[in-house]
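# Descriptive analysis of the structure
This is what each chain is made of:
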Amino acid sequence: MDQKNPHLSTPTAARNFGFFVDGQWRDGTERFERASPGHGTPVTRTVRCTVEDLNAAVAAARLAFEDRRWSGLSGAARAGVLLRVAEILRRRRDEIAYWEVLENGKPISQARGEIDHCIACFEVGAGAARMLHGDSFNSLGDDLFGMVLHEPIGVVGLITPWNFPFLILCERVPFILASGCTMVVKPSEVTSATTLLLAEVLAEAGLPAGVYNVVTGSGRVIGQALSEHPDVDMLSFTGSTAVGRSCVHAAADSNFKKLGLELGGKNPIIVFSDADLEDAADGAAFGISFNTGQCCVSSSRLIVERSVAADFEKLLAEKMAKIRVGDPLDEATQVGAITTEAQNATILDYIARGKAAGARLLAGGGPIDLGRGQYIAPTLFSGVSRDMPIARDEIFGPVLCSMHFDTVEEAIQLANDTVYGLAASVWTKNIDKALTVSRRVRAGRFWVNTIMAGGPEMPLGGFKQSGWGREAGMYGVEEYTQVKSVHVEIGKRTHWIA
Ligand code: NDP
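The structure presented is a predicted model; accordingly, all values stated were derived computationally and were not measured.

Parameters at a glance
Residues numbered from 1 in each chain as written. Predicted model: local features only at pLDDT ≥ 70, side-chain atom pairs only at ≥ 80, totals over all residues. Heavy atoms only, no water. Near = heavy atom within 4 Å. Areas by Shrake-Rupley, 256 points an atom, 1.4 Å probe, with all protein chains shown as cover. Helix = DSSP H or I, 4+ residues; strand = E, 2+ residues; numbered from the N terminus. Nonpolar A, V, L, I, M, F, W, Y, C, P; charged D, E, K, R; others polar. Domains from an automatic or database assignment. UniProt positions renumbered as here; feature names shortened; annotations may be inferred. Pairing = 2+ DSSP bridges. Axes fitted to C-alpha atoms, helices over the stretch in contact; angles between N-to-C directions. Buried < 20%, exposed > 50% of the residue type's maximum accessible area, 1.4 Å probe, protein only. Contact = heavy atoms within 4.5 Å. Parallel < 35°, antiparallel > 145°, perpendicular 65-115°, else oblique. Core = buried A, V, L, I, M, F, W, Y, C linked by side-chain atoms within 4.5 Å.

## Some words on the site of the ligand
In the vicinity of the ligand there are 26 residues, among which Thr 160, Trp 162, Ser 188, Ser 240 and Glu 394 approach most closely. Contact with the protein chains covers 82% of the free accessible surface of the ligand, which is 860 Å². The set of elements that each furnish at least two residues to the shell around the ligand consists of α7 (219-228) and β11 (234-238). Grouping the constituent residues of the shell around the ligand by class yields nine nonpolar, twelve polar and five charged. Counting only domains with at least three residues in the shell around the ligand, you end up with domain 1 (15-263 + 466-484) and domain 2 (268-448).

## Considering the UniProt feature "domain: Aldehyde dehydrogenase" (unreviewed entry) in the protein chain
Look at the UniProt record and you will see "domain: Aldehyde dehydrogenase" (unreviewed entry) annotated at residues 25-486. Overall, residues 25-486 shows 42% helix and 22% strand. The separation of its end C-alpha atoms is 41 Å.

## Considerations on the sheet that holds strand β7 (residues 144-152)
If you walk across this open sheet you meet the three strands as β6-β7-β25, and the pairing is antiparallel. Each edge of the sheet is formed by a strand with only one pairing partner; in this case those strands are β6 (135-137) and β25 (481-489). Taken pair by pair, the neighbouring strands of this sheet meet at an average axis angle of 20°, ignoring direction. Examined bridge by bridge, β7 and β25 share nine bridges and lie antiparallel to one another. Counterpart to Gly 146 in the pairing with β25 is His 487.

## Here we look at the environment of Thr 379
Following the sequence through the fold, Thr 379 ends up in strand β18 (residues 379-382). Given a relative accessible area of 0%, Thr 379 falls into the buried group. Between the C-alpha atoms of Thr 379 and Ile 288, which are 91 residues apart in sequence, the distance is 8.8 Å. Setting aside anything within four residues of it in sequence, one finds Thr 379 in contact with Met 320, Ile 351, Leu 361, Ala 363, Gly 364, Gly 365, Gly 366, Pro 398, Val 399 and Leu 400.

## A word on the packing of α7 against helix α8 (residues 241-253)
In contact at an axis separation of 8 Å, α7 and α8 are set at 45° when each is read in the N-to-C sense. Between α7 and α8, the angle is such that the two are oblique. Taken together, the residues of α8 that come into contact with α7 (itself represented by Gln 224, Ser 227 and Glu 228) are Ser 246, Cys 247, Ala 250 and Ala 251. Classifying every residue of the contact of α7 with α8 gives three nonpolar, three polar and one charged.

## What about unusual backbone geometry?
Phi angles above zero are rare outside glycine, and Asn 291 is one such case at about 60°. Judged by relative accessible area, which is 4%, Asn 291 ranks as buried. Its identity is not glycine, yet Thr 292 carries a phi of approximately 55°, on the positive side. The class of Thr 292 is buried, set by a relative accessible area of 3%.

## Describing the nonpolar core
In this structure, Phe 122, Leu 198 and Tyr 212 are the most contacted members of the largest nonpolar core, which totals 98 residues. There are two domains that each give this core at least three residues, and those are domain 1 (15-263 + 466-484) and domain 2 (268-448). Once residues lying within four places of it in the same chain are set aside, the contact partners of Tyr 212 are Phe 20, Leu 169, Val 173, Met 183, Val 185, Thr 195, Leu 198, Ala 199, Leu 202 and Leu 207. Ranked by size, the runner-up nonpolar core spans 29 residues in total, among them Ile 270, Tyr 350, Ala 359 and Ala 424.

## Side note on the sheet that holds strand β5 (residues 42-47)
Taken in spatial order, the three strands line up as β1-β5-β4 in an open sheet, and their pairing is mixed. In this open sheet, the two strands that pair with only one neighbour each are β1 (15-16) and β4 (31-35). For β4 and β5, the ladder comprises five bridges, and the chain directions are antiparallel. Directly across from Glu 33, in β5, lies its bridge partner Arg 45.

What follows is the structure in structure tokens.
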């Protein structure tokens, strides 16, 4: 093992993790063993919690909320804890990135960059904890004064997916904590390690016991029970639209818990002939290949002006062929492994369906054999019609479909021709086109001449079937609050009964 980079090989044995309830590590009888998708060897063993374990976690979160050990603190005190978390994450950055890579398969350099983003989330969350405030109405006449309070909603259930296990967690946890809520987290069973490591970090930073609890296990059992739990006040779910829909049913059938949903996307990237085509091609290659396209905001539909389409696709295919797909622990790797076997099979099936439907393959088009692990080449299809499954479904892999347009109206219509509305981008040097398209395309995140840029100050979330609510920034904190109107009578009451 290299002394300077002591983590850059797989562990000799799988690491055991407990689960975390009320500030204590607990163990269970049944375990799930996770193999690294990039290497095929076992890397972690986590507990398959029972529904009783989940109930204990919800009870701990409820008690911690009701006795106000966290919500009763000042925003400044909460911010102090969140800033200490940021410091500890800085210290443990490489270690957390390493476990993220082993379970998820993403490149180590990307994972480290994601931890930097997570540190920023805690810093922004600290600011938000201090800035969270309500409103007042000095306009109700001399006899009445109105105040609007934001109060923490209570116990939050947080279900996170396997594509960005730590990043998606950290785009939510600091804001949930800033609001004063307590929580029970259920990470995806295949990528639970870093969610458990965050429990250590939060405890060291001084977060009171019971505020952050983690239960591990399958979505079908533990996720479902969390979404149905009558003592959970809000559920934040990130994952597939199908499970998002089941969360809506579960909320309706239990206690009408509030839902935050960040679901699928089929995100357009619109390229006009007047764009910097070199920049746009680099953005398109990045937008579909980053995180192997297993990204809810992946730009998976290329909508390019017909007059430059052939040249642009050639440029893009050349760039995609140069992307370094390889071992996630290799510093030079840009695209790592596909996270799960099921996802690998899904992506390859869509590629086969694209070929069978007559789409023209310009780049990639199949698996890459590195001797171990599962890898797929960044793939570009042209000649795609809007009714093909590869153009309509969220593939969640490095598969880009190109479609052509002639007018601004046609570009907008194609971009909006989807049930999703998570993200979009436009590439043009014409300000009128850039503004018209950004205002007319229905998506929660929009980029002009860039892609996937931003920080935790800006809200995240989707239109249409991409979800409900917003995460991050001040909008994110407010999602985890209830709004209360307080009316204060001034002076003597005008009596109803004479
Ligand atoms: P899921 O929606 O099944 O998984 C997301 C999370 O939900 C995981 O923590 C999962 O746990 C949990 N979960 C699963 N079933 C339930 C349930 N009944 N109730 C509550 N929680 C549940 O996604 P998949 O892993 O099956 O991926 C399928 C597709 O979903 C992908 O191909 C992609 O299109 C989309 N997806 C979108 C994501 C996004 O960021 N928008 C993220 C992940 C997937 P566990 O993994 O332990 O079963």
